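# Tertiary structure, described
Residue-level listing of the chains:
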Amino acid sequence: MHSGHGHSGHDHSSMIADFWKRFWVCVVLSVPVVALSMMFQEVAGYHLDFAFREWIVIGLATGIYVYGGKPFLTGMIDELRNRRPGMMTLVAVAITAAFVYSVAVSLHWLEGMDFFWELATLIDIMLLGHYLEMKSVAGASRSLELIVQMLPAEAHKVSGKQLQDVRVDTLEKGDLVLVRPGERIPTDGEVVDGASSVNESMLTGESVPVEKRVKDRVIAGAVNGEGALTVRVTHKGEDSYLSKVVKLVEEAQNAKSATQTLADKAAGWLTLLSLSVGLITLITWLLAGKETAFAVERMVTVMVTACPHALGVAIPLVVAISTGISAGKGLLIRNRTAFEESRKITAMVFDKTGTLTEGAFGVPRVAPLSEEWKEGMLLGTAAALEQSSQHPIAQGIVRAAKERAVEIPAIADFQSITGKGVSAMVNGKQIQVVSPGYLKEQHIPIPEASAGKAETVVYVLADGKLIGFLALADRIREDSKEAVGSLQRSGIKVFMATGDNRAVADTVAAELGLDGVFAEVLPDQKVNVVRDLQRQGFFVAMTGDGVNDAPALAQANVGIAVGSGTDVAAETADIILVNSRPTDITHLVEFGRATYRKMIQNLFWATGYNVVAIPLAAGVLYPDFVLSPAIGAVLMTVSTVVVALNAQLLRGALR
């Protein structure tokens, strides 16, 4: 009934509150309408009539139709404008036919019995169904807004020897800006002074912070490391990298919003059936010589019968139950259509950094090159120098030392070797923890054992002599292999698309046994990976955690975000892995299939009686039997109860 996109979270919350308010107002107005309805009195077996009864009922019913029916009437206009009649059109046609006919009967313009009871209860149940659905599925996407929020509002503009804080949107090409340690880079540009490591992992997928020196390019939104950089603006506004990401997300979301929910498709067919059979009924009885009042009553009965009350709760109840159970299993459903279609997934594309891997460095190898240095001593000494740094590599070394409970000695005379490493005195020795670039500068041979693997290596020197090295790698999540295997056993091909380098990507792919790998891909290329798979006939799910994944998440048939990732990825995705566990994805296809089966069952129970009821309402057995509005109402009530009970059976299927 509503897609997962198109409104801000605030608008979505206000829409939920609005449906809830309309529901209760209409319920209060419906009590006297139903009690005073002659049809209900006939069914319930009592008689209540007094002066102005009909005018009171007309007034209350008009309030219900106008106030409670407004979302459906305006929704019908939107659906018809888009040439896609669905649930809103079906409900609007039924309530309008019931209201107009009932007013005409009450004012004695036509002979017959009014449908005010049907009108009131139909609007009440449809409002409740929409509320249940919207309440159970999270708010719409704010991804584009969040991408823009990744940029700082102000930048430190360099004017001669002066620094001036200015709004980022006032910067022009050629302007110089200073980026201090730990700050986000405000604009795409080129480094003209300074050296630092820059964390671009959430933007490009590169797991290792990238060293930046003079003439290197930097991207707006990346986080600067420990050195100060002076950057010349090369792109601004719509030409920037993040703006291009925004456009890619926008294009993909607009294309995806064209998908219709199962209930809307069913409602679209019922609308055509309702209008067609209703019109045929009217013309047939008029041509048969029956009076206009009889022909109109049969037409309206058909149109009201074709819009079953049960359809209003058939799907929302299933959605409410399945989203609640899914959340307990670590799946937060944001887009119901994508969840319905998850049963069709034939290809799963994973991002690497932060998705299949933890996005945090581990230390798989500690290699002493001197007999007097043991693994624990080497790791503890390196951790001593790195413990005050916020660099991801430094944090990985310190974390590894703490996990292995090695002794971390005290240090003195700490110094930073810009862009190359750190130095300090430890137990009377000058210790340095440095990059491969430092060894080359000092003409120190790089050990063969440390080269050629998909790892980041730092070297440890004592008094200028190489004493060992530490090999770091982005750690693969413990349950990634299990998740990949489970998906493959379900007949799903598993691929990886990452901005990381080929060597690292191939190592991870080989360890996990993936069906294919795409390395060194930028966001626009990730989108193309998804599109290419879709063109090959795959129904594609994409799982990621960074800004660089957002366009591909929006393009995929089902977008899945890792909960520990960026807000941008989460807001672009259809489903969020709350606990960031890849194995939770294995529940998705299973839950999607079970939920879809229950939806089909409920649609059958909600609409199946139409096969019998509509012909009877049209009068095919006249004069022996004609389905009265009262009997039609009873059938609808029974159908609604059956649908509600059937929805509850889903709990057992998803445990």
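Owing to the predicted nature of the structure, the values given are computational and were not obtained by experimental measurement.

Attention shifts here to a nonpolar patch on the surface. Together, Y46, L48, F50, F52, W55 and I56 make up an exposed nonpolar region whose accessible area comes to about 630 Å². As for its position among the elements, F52 is in the loop between α2 (38-44) and α3 (53-81).

It is worth spelling out the UniProt feature "transmembrane region" (unreviewed entry) in the chain at this point. With numbering matched to this structure, UniProt assigns "transmembrane region" (unreviewed entry) to residues 23-44, 50-68, 89-109, 115-132, 266-288, 300-327, 603-622 and 628-650. Here residues 50-68 runs as 84% helix and 0% strand, with 27 Å between its end C-alpha atoms. With 96% helix and 0% strand, the stretch residues 266-288 has end C-alpha atoms that lie 32 Å from each other.

What follows is about the packing of α3 against helix α4 (residues 87-106). Helix-helix packing is described using two parameters, namely the angle between the two axes and the distance between the axes. Contact geometry for α3 and α4: axes closest at 8 Å, N-to-C directions at 155°. In terms of orientation, α3 lies roughly antiparallel with respect to α4. The two elements α3 and α4 meet at a crossing, and its hand is left-handed. A per-class count over the contact of α3 with α4 returns 15 nonpolar, six polar and two charged.

The next point concerns the packing of aromatic side chains. According to the stated counting rule, one finds twelve aromatic pairs in the structure shown. Relative to W24, the ring of F23 lies with its centre 5.2 Å away and its plane at 65°, an arrangement referred to as edge-to-face. With 6.1 Å between their ring centres and 55° between their planes, Y459 and F469 make a pair best called tilted. Here Y459, found in strand β16 (residues 456-462), pairs with F469, found in strand β17 (residues 465-476); they are ten residues apart in sequence, far enough to count as distant. Its relative accessible area of 1% is what places F469 among the buried residues. Taking the ring centre of F294 as reference, the NZ or CZ of K290 above it sits at 4.9 Å.

We now examine unusual backbone geometry. With an omega of 5°, the peptide bond between Y622 and P623 qualifies as cis. Considering the arrangement of structural elements, one finds P623 in the loop between α23 (610-618) and α24 (629-648). Of note, F52 is a non-glycine position whose phi angle comes to about 65°, a positive value. A residue is classified by how much of its surface remains accessible, and F52, at 63% relative accessible area, is exposed.

This paragraph deals with the nonpolar core. One finds F116, L119, V558 and I560 to be the most contacted residues of the largest nonpolar core, which totals 99 residues. In terms of residues, this core owes the most to one element, α4, which gives 14 residues. Per-domain counts for this core show at least three residues from each of domain 1 (15-145 + 251-320 + 599-653) and domain 3 (331-356 + 477-578). Setting aside chain neighbours within four positions, we find V558 in contact with A338, S342, I345, F539, V540, A541, M542, D574, I575 and L588.

Moving on to the packing of α4 against helix α10 (residues 292-305). Viewed as axis vectors pointing N to C, α4 and α10 meet at an angle of 150°, and their least axial separation amounts to 9 Å. By the criterion of interaxial angle, the relationship of α4 to α10 is roughly antiparallel. The element α4 and its partner α10 pack so that their crossing is left-handed. In contact with V93, A94, A97, A98 and Y101 of α4, α10 contributes A293, V296, E297, V300, M303 and V304. Considered class by class, the residues forming the contact of α4 with α10 number ten nonpolar, no polar and one charged.

The subject of this paragraph is the pattern of salt bridges. Enumeration over the complete set of coordinates arrives at 16 salt bridges. For R22, the salt bridge identified is with D18, shortest N-O distance 2.8 Å. Here R22 pairs with D18, and both are found in helix α1 (residues 9-36), just four residues apart, close to one helical turn. Assessed through its relative accessible area of 10%, R22 is described here as buried.

Another aspect to go through is the pairing of strand β13 (residues 412-417). Burial analysis of β13 places just zero of its six residues in the buried class, which makes it a mostly uncovered element. Bridge count between β13 and strand β14 (residues 421-426): four bridges; the pairing is antiparallel. Counted as the bridge partner of A412 is M425 from β14.

Another point: the sheet that holds strand β19 (residues 516-518). The strand order β10-β22-β21-β20-β11-β18-β19 describes an open sheet built from seven strands, whose pairing is mixed. Of all strands in the sheet, those bounded by a partner on one side alone are β10 (331-333) and β19. For this sheet, the mean inter-axis angle between neighbouring strands, taken without regard to orientation, is 20°. Relative to β19, strand β18 (residues 493-497) runs parallel, the two being bridged by three bridges. Bridge assignment links A497 to a residue of β19, and that residue is F518. The strands touched by helix α22 (residues 585-607) within the sheet are β10, β11 (347-350), β20 (540-544), β21 (558-562) and β22 (575-577), with β21 carrying the most contacts at an inclination of about 145°.

Once that is clear, we can look at the environment of E375. Here E375 lies in helix α14 (residues 375-386). Overall, E375 belongs to the partly exposed group, its relative accessible area being 45%. The spacing of E375 and R365 is ten residues in sequence and 9.2 Å in space, taken between C-alpha atoms. Non-local contacts of E375, meaning those with residues more than four positions away in its chain, are made with V366 and P368.

Conventions adopted
Residues numbered from 1 in each chain as written. Predicted model: local features only at pLDDT ≥ 70, side-chain atom pairs only at ≥ 80, totals over all residues. Heavy atoms only, no water. Patch = residues over 30% accessible without salt bridge, like charges linked within 9 Å, V, L, I, M, F, W, Y side chains within 5 Å. Areas by Shrake-Rupley, 256 points an atom, 1.4 Å probe, with all protein chains shown as cover. Salt bridge = Lys/Arg side-chain N within 4 Å of Asp/Glu carboxyl O. Helix = DSSP H or I, 4+ residues; strand = E, 2+ residues; numbered from the N terminus. UniProt positions renumbered as here; feature names shortened; annotations may be inferred. Axes fitted to C-alpha atoms, helices over the stretch in contact; angles between N-to-C directions. Parallel < 35°, antiparallel > 145°, perpendicular 65-115°, else oblique. Left-handed = near helix turned anticlockwise from the far one by under 90°. Nonpolar A, V, L, I, M, F, W, Y, C, P; charged D, E, K, R; others polar. Phe/Tyr/Trp six-rings, centres within 6.5 Å; stacked < 30°, edge-to-face > 60°. Buried < 20%, exposed > 50% of the residue type's maximum accessible area, 1.4 Å probe, protein only. Lys NZ or Arg CZ within 6 Å of the ring centre and 35° of its normal. Core = buried A, V, L, I, M, F, W, Y, C linked by side-chain atoms within 4.5 Å. Domains from an automatic or database assignment. Contact = heavy atoms within 4.5 Å. Pairing = 2+ DSSP bridges.

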